[in-house]
Amino acid sequence: MFNQNQIYNIFNQQQIQAQLQQMQQQYHNQQLAFSECCAVLGKHMQRQM
């Protein structure tokens, strides 16, 4: 028979939290890059008018 605590140790909560934070940071960085790109395009379009 196995130790019941092994069931709760299947998922490493610290690792899951670290991966979640990394995914959130990557999403945030993509959003910032998209916003900056839109700002540059907007300025470029204003010059063309």
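These remarks concern the structure in this document. Keep in mind the model is a prediction, meaning the values are calculated, not measured.

**Things to note about the overall build of the protein**
Helix and strand counts for the protein stand at two helices and zero strands. The buried share of the protein, reckoned over its 49 residues, is 0%. With an accessible surface of roughly 5,200 Å², the protein has 57% of that area assigned to carbon and sulfur atoms.

**Section: the state of the cysteines**
Using the criterion set out here, one finds zero disulfides in the structure. Cysteine 37 carries a free sulfur, and the closest cysteine sulfur to it, the one in cysteine 38, is 5.8 Å from it. Assessed through its relative accessible area of 41%, cysteine 37 is described here as partly exposed. In this structure cysteine 38 comes out as partly exposed when scored by relative accessible area, which is 37%.

The rules we used
- Residues numbered from 1 in each chain as written.
- Predicted model: local features only at pLDDT ≥ 70, side-chain atom pairs only at ≥ 80, totals over all residues.
- Heavy atoms only, no water.
- Helix = DSSP H or I, 4+ residues; strand = E, 2+ residues; numbered from the N terminus.
- Buried < 20%, exposed > 50% of the residue type's maximum accessible area, 1.4 Å probe, protein only.
- Areas by Shrake-Rupley, 256 points an atom, 1.4 Å probe, with all protein chains shown as cover.
- Disulfide = S-S within 2.5 Å.

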